[in-house]
Amino acid sequence: MAQSKPDISAVPDILKQAQSLMAANPLMGAQMTNVLEAQQRFLKEAQEYSDHWFSRRKEATETAIEAANEIVGAGPSDPAAMLEVMSDWQKHSTERIAADFQEWVDMCSRCTGQTGESDKKGKH
C-alpha cells in the first residue's frame, strides 16, 4: 500500500485567514501566527521522522525475510551458520533502533528550540 503524505500546502492560507481574523487585536494575531507557524514546523519535523522510521521498519522486514531464507537454505545441519545470520540481522536491527532513538531526540530538540524562537518572536 502506497503511503500518502499529508497535504500541508493549505497551511499558509490558514495563516492568512487567522491573521485577518485577529486584525482587531494585533497582539492576539501575532501570537496566533507564531503558534500556527510553530505547529507547521512541528508537523514537518514529525513527518520527516515518521518517513525515516517507516523506512527503517521496511528495511528490517526485508532483511528479516532474507535472513529467514538464508537460515532455511543452511538447513538444520549448520547451526553455526544459522546463529551467524541471526546475529548479523540482530546487530543491524539494534542499529536501526538506535537510529530511531537518536532521530527522536534530535527532533524533540529541534522542536523545543523552535518553541523558544516562537516565544521570542511573540514578545517583540
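Below, the structure is looked at part by part.

Further remarks concern the overall build of the protein. Broken down by element type, the protein carries three helices and zero strands. Listing the helices and strands of the protein from first to last along the sequence gives α-α-α. In the protein, which comprises 124 residues, the share counted as buried stands at 20%. In the protein, once contacts between residues fewer than 6 apart in sequence are set aside, the share between residues at least 24 apart is 70%. Summed over its atoms, the accessible surface of the protein is roughly 9200 Å², and 62% of this surface lies on carbon and sulfur atoms.

Further remarks concern the environment of Asp106. In this structure, Asp106 sits in helix H3 (residues 79-123). Residue classification places Asp106 among the partly exposed positions, given a relative accessible area of 31%. Between the C-alpha atom of Asp106 and that of Glu45, which follows or precedes it by 61 residues, the distance is 9.8 Å. A polar side-chain atom of Asp106 sits 2.8 Å from a polar atom in the side chain of Gln102.

Here Glu37 lies in helix H2 (residues 26-74). In this structure, the C-alpha to C-alpha distance between Glu37 and Pro12, residues 25 residues apart in sequence, is 8.8 Å.

Here the structure, examined in full by the defined rule, presents two aromatic pairs. Here Tyr49 and Trp104 contribute two aromatic rings whose centre-to-centre distance is 5.5 Å and whose plane-to-plane angle is 65°, an arrangement assigned as edge-to-face. With a gap of 55 residues between them, Tyr49 in helix H2 and Trp104 in helix H3 connect regions that are remote in the sequence. Ring geometry for Trp53 versus Phe54: centroids 4.9 Å apart, planes at 90°, classification edge-to-face. Relative accessible area serves as the criterion here: at 30%, Trp53 is assigned to the partly exposed category. Across the ring face of Trp53, the terminal group of Arg57 is positioned such that the distance to the ring centre comes to 4.9 Å.

What follows concerns the pattern of salt bridges. Going through the model one piece at a time under the given rule, you end up with seven salt bridges. A salt bridge links Arg57 to Asp100, with the shortest nitrogen-to-oxygen separation between them at 2.7 Å. Remark: Asp100 occurs in helix H3 and Arg57 occurs in helix H2; sequence separation between them is 43 residues. With its nearest N and O atoms 4.0 Å apart, the salt bridge here joins Glu95 to Lys91. Of this pair, Glu95 and Lys91 are both found in helix H3, four residues apart, which corresponds to roughly one turn of the helix. Of the residues examined, Glu95 reaches a relative accessible area of 41% and is grouped as partly exposed.

A cluster of nonpolar side chains, Phe101, Trp104 and Val105, forms an exposed patch at the surface whose accessible area comes to about 310 Å². Within the secondary structure, Phe101 sits in helix H3.

In this section: the state of the cysteines. Taken as a whole and assessed by the stated rule, the structure comprises zero disulfides. The thiol of Cys111 is not disulfide-bonded; the next cysteine sulfur, from Cys108, is found 6.6 Å away.

Definitions and cut-offs
Residues numbered from 1 in each chain as written. Predicted model: local features only at pLDDT ≥ 70, side-chain atom pairs only at ≥ 80, totals over all residues. Heavy atoms only, no water. Helix = DSSP H or I, 4+ residues; strand = E, 2+ residues; numbered from the N terminus. Buried < 20%, exposed > 50% of the residue type's maximum accessible area, 1.4 Å probe, protein only. Contact = heavy atoms within 4.5 Å. Areas by Shrake-Rupley, 256 points an atom, 1.4 Å probe, with all protein chains shown as cover. Polar contact = N/O pair within 3.5 Å; in protein donor to acceptor, adjacent residues only side chain to side chain. Phe/Tyr/Trp six-rings, centres within 6.5 Å; stacked < 30°, edge-to-face > 60°. Lys NZ or Arg CZ within 6 Å of the ring centre and 35° of its normal. Salt bridge = Lys/Arg side-chain N within 4 Å of Asp/Glu carboxyl O. Patch = residues over 30% accessible without salt bridge, like charges linked within 9 Å, V, L, I, M, F, W, Y side chains within 5 Å. Disulfide = S-S within 2.5 Å.

Don't take any of this as a statement about function, it's just geometry.
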